[in-house]
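# Observations on the three-dimensional arrangement
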Amino acid sequence: LCGVHSPGQPLAAPKAQHALRVFNQLLASWRLDGLLVYGIDRQVFSLAAGSGTYTIGIGGAWAIERPLRIERAGLIIQTMTPTLEIPLKVLTDAEYQDIRLKGLASVWPIWLYYNPDFPLGTVIVWPVPTEVRQVALYLWHVLPQLPTLVTAVDFPPGYEEALLYNGARRLAGAYGMQLLPDVLLLAEQSKS
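Residues numbered from 1 in each chain as written. Predicted model: local features only at pLDDT ≥ 70, side-chain atom pairs only at ≥ 80, totals over all residues. Heavy atoms only, no water.

## Re the packing of helix 3 (residues 159-174) against helix 4 (residues 181-191)
- Two elements in contact, helix 3 and helix 4, have axes separated by 8 Å at closest approach and are oriented at 135°. In terms of orientation, helix 3 lies oblique with respect to helix 4. When you trace helix 3 past helix 4, the crossing you get is left-handed. Within the contact between the two elements, helix 3 uses Glu161, Ala162, Tyr165, Asn166 and Arg169 and helix 4 uses Val183, Leu184, Leu186, Ala187, Glu188, Ser190 and Lys191.
- Of the residues belonging to the contact of helix 3 with helix 4, the class tally is 6 nonpolar, 2 polar and 4 charged. (Axes fitted to C-alpha atoms, helices over the stretch in contact; angles between N-to-C directions. Helix = DSSP H or I, 4+ residues; strand = E, 2+ residues; numbered from the N terminus. Parallel < 35°, antiparallel > 145°, perpendicular 65-115°, else oblique. Left-handed = near helix turned anticlockwise from the far one by under 90°. Contact = heavy atoms within 4.5 Å. Nonpolar A, V, L, I, M, F, W, Y, C, P; charged D, E, K, R; others polar.)

In C-alpha cells, the structure reads:
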C-alpha cells in the first residue's frame, strides 16, 4: 500500500522490525484519542483506612497498566444486598487544587482525582477514608502494543482497515514515499 515492498516478496528482518515499531507508535498515539477508545474497563480496587493516595500502573499499589484516563468512578458499598455503587465525582486539576483541606478524613469519600504521571499514575480519593472500602474505576480500554510480528490481536470491526491504511500512511512517510490518493482517503475515512 505504501510502495515500499511488493506483496508476496520476503520482507527483510530490519524492514519488518521497523514496520512493527511504526505500527506500535501508531497504536500508542491512538491510545490518547478518546474517539478511538472502543471500550471502558471496570476495575475494582481496595482503599485502606487512613490512606487516600494510591499509585496505579505496573509496579504501583494498583498493579495494572497505567490508565490514560479514568472516565468514571464509584464507591462500592457491600453492606447492602445487592451491592451498591455510589458515583464519585472525578475532579479536574483545577477542582483538586481548590481543595484546601486535602488530609480531611471521613467514612465516605465523595471525590476522586487522577494524575496520569508516568510511569505510575496517582489516584487520590477525598476525603481520606477512615474505613476499608472498595472503589470501581472505569478506565479507557488500552489499545495493545505488539511485542512481535506474529502476535495475534483482536480488534472490533473496522479497526483492521483503519490500522492497515493508517499504518501504510505512517510507513510511506518514513520511507519518503507518496501514497496514492485513494489510500490516503481510505486512511482518513477508516479512522473516522
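On we go.
## Side note on unusual backbone geometry
- Across the junction of Phe118 and Pro119, the peptide omega takes the value 10°, indicating a cis bond.
- Considering the arrangement of structural elements, one finds Pro119 in the loop between strand 6 (111-115) and strand 7 (121-126).
- Omega for the peptide link from Trp126 to Pro127 comes to -10°, which places this bond in the cis form.
- Structurally, Pro127 is set in the loop between strand 7 and strand 8 (128-129).

## Description of the packing of helix 1 (residues 13-30) against helix 3
- Axis separation between helix 1 and helix 3 bottoms out at 10 Å; the angle between their running directions is 120°. Put simply, helix 1 runs oblique to helix 3. Considering the relative orientation of helix 1 and helix 3, their crossing is right-handed. Here His18, Ala19, Val22, Phe23, Gln25, Leu26, Leu27, Ser29 and Trp30 of helix 1 lie close against helix 3, whose contacting residues are Ala162, Leu163, Asn166, Gly167, Arg170, Leu171 and Ala174.
- For the contact of helix 1 with helix 3, a count of residues per class yields 10 nonpolar, 5 polar and 1 charged.

## Focus: the side chain of Thr122
- You can see Thr122 is positioned in strand 7.
- Owing to a relative accessible area of 18%, Thr122 belongs among the buried residues under this scheme.
- Setting aside its immediate chain neighbours within four residues, Thr122 contacts Thr53, Tyr54, Ile56, Tyr113, Tyr114, Asn115 and Asp117. (Buried < 20%, exposed > 50% of the residue type's maximum accessible area, 1.4 Å probe, protein only.)

## Examining the nonpolar core
- Ile56, Trp62, Leu112, Val135 and Leu137 are the most contacted members of the largest nonpolar core, which has 18 residues in total.
- Where this core is concerned, the elements lending two or more residues are strand 1 (40-47), strand 2 (53-56), strand 3 (70-77), strand 6, strand 7 and strand 9 (133-140).
- The element best represented in this core is strand 3, accounting for 4 residues.
- Contacts of Leu112, omitting those with residues within four sequence positions, involve Ile70, Ala73, Leu88, Lys89, Val90, Leu91, Val123, Ile124, Val125, Val135 and Leu137.
- One finds Leu20, Leu27, Trp30 and Tyr159 within the second-largest nonpolar core, a separate group that totals 10 residues. (Core = buried A, V, L, I, M, F, W, Y, C linked by side-chain atoms within 4.5 Å.)

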